[in-house]
Amino acid sequence: MAHAVRPGIAPALLLSMPQLVDPNFHRTVVLLCEHNTDGAFGLVINRPTDTSASQAVRLLPPPSRDGGLALWAGGPVEPQRGWILMGSEPAESEAVSVAVGVYLSTSRLIETAPPRTRVLTGYAGWGPGQLDAELAASAWLISDVDASIVFETPAATMWEQAIRRLGADPGKLHSGHGVH
């Protein structure tokens, strides 16, 4: 059964602004899963790698198949840690409902992953007040979570399409002082 995440601005999509100069977040779309007084947790969802999930995930015994799942870079924190993002609640594992049509699990069951599944390594994390300061500095745009953006929009165009969905032109976003 799915469990709800804690309140705050999450769930949301964070769309990096040009003044966010940290190379880990240049033109990123972050699925913000949790945000509270203790900090924030999210997953970069538009950074695929050239590695297959079955090559990166060391399971014993090894999976007999992986459904062709690619490995995605979920963020710079704890890159050895894995996450599974799914478009439907899996029957075999515990999953957290992040938003409508978006579930998060740390299950090792990649063989039976439902359609619309992403395997990610690492995450984006912020300490207490850190994301709030970045938001106050206009480092991020905030958008509602849309499962079609998360799972169906090509990674190369996700940032731009998510910004256009807000009614903004990505080419006209103002670059200001850098935010780290």
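For clarity, every value in this text was computed on a predicted model and none was experimentally measured.

A closer look at the confidence of the model for the chain
Alright, step 1. For the chain, the mean per-residue pLDDT works out to 85, and 82% of the residues sit at or above 70.
Alright, step 2. Taken element by element, the predicted model of the chain shows its lowest mean pLDDT in strand 1 (residues 3–4) (40) and its highest in strand 2 (residues 12–16) (98).
Alright, step 3. Predicted confidence is poor over residues 1–7, with pLDDT under 50, and the contacts of this stretch with residues over four places away or in other chains come to 21 contacts.

Structural notes on the pattern of salt bridges
Alright, step 1. Considering all chains together, one arrives at five salt bridges under this definition.
Alright, step 2. Residues Arg81 and Glu78 are paired through a salt bridge, measuring 3.9 Å at the closest nitrogen-oxygen approach.
Alright, step 3. Judged by its relative accessible area of 37%, Arg81 falls in the partly exposed class.
Alright, step 4. Glu78 gets classed as partly exposed once you look at its relative accessible area, which sits at 32%.
Alright, step 5. The partner of Glu160 in a salt bridge is Arg164, and the shortest N-O contact between them spans 3.2 Å. Residue Glu160 and its partner Arg164 are located together in helix 4 (residues 155–165), separated by four residues, close to a single helical turn.
Alright, step 6. On the basis of relative accessibility, which here comes to 33%, the residue Glu160 falls in the partly exposed class.
Alright, step 7. Arg164 sits in the partly exposed class, given a relative accessible area of 44%.
Alright, step 8. Bridged by salt links that share partners, the residues Glu160, Arg164 and Asp169 form one connected network.

A short note on helix 4
Quick reminder: α-helices carry 3.6 residues per turn. Residues three or four places apart thus point the same way.
Alright, step 1. The complete set of buried residues in helix 4 reads Ala155, Met158, Trp159, Ala162 and Ile163. In an axial view of helix 4, the angular spread of the buried residues amounts to 115°, which keeps them on one side of the axis.
Alright, step 2. The positive-phi residue at the C-terminal boundary of helix 4 is Gly167, with phi of around 90°.

Digging into the nonpolar core
Alright, step 1. Leu13, Leu31, Leu43, Ile45, Leu85, Val102 and Leu104 are the most contacted members of the largest nonpolar core, which totals 29 residues.
Alright, step 2. At five residues, the largest contribution of residues to this core is made by helix 4.
Alright, step 3. The contacts of Val102, once residues within four sequence positions are left out, are Leu31, Leu85, Met86, Val96, Ser97, Val145, Ala147 and Phe151.
Alright, step 4. In this structure, Ala10, Phe25, Val30 and Trp126 belong to the second largest nonpolar core, which totals 13 residues.

Some remarks on unusual backbone geometry
Alright, step 1. Here the amide bond leading from Ala10 into Pro11 is cis, since omega sits at 0°, within 30 degrees of zero.
Alright, step 2. When you line up the elements, Pro11 lands in the loop between strand 1 and strand 2.
Alright, step 3. Phi angles above zero are rare outside glycine, and Arg27 is one such case at about 55°.
Alright, step 4. Along the chain, the position of Arg27 falls in the loop between strand 2 and strand 3 (29–36).
Alright, step 5. By relative accessible area, which is 37% here, Arg27 ends up partly exposed.
Alright, step 6. Phi at Ser138 is positive, roughly 60°, even though this residue is not glycine.
Alright, step 7. Take Ser138: it is sitting in the loop between helix 2 (130–136) and strand 11 (140–143).
Alright, step 8. Using a relative accessible area of 39% as the deciding quantity, one classes Ser138 as partly exposed.

So, how was this worked out
- Residues numbered from 1 in each chain as written.
- Predicted model: local features only at pLDDT ≥ 70, side-chain atom pairs only at ≥ 80, totals over all residues.
- Heavy atoms only, no water.
- pLDDT = per-residue confidence, 0-100.
- Helix = DSSP H or I, 4+ residues; strand = E, 2+ residues; numbered from the N terminus.
- Contact = heavy atoms within 4.5 Å.
- Salt bridge = Lys/Arg side-chain N within 4 Å of Asp/Glu carboxyl O.
- Buried < 20%, exposed > 50% of the residue type's maximum accessible area, 1.4 Å probe, protein only.
- Arc of directions from axis to C-beta.
- Core = buried A, V, L, I, M, F, W, Y, C linked by side-chain atoms within 4.5 Å.

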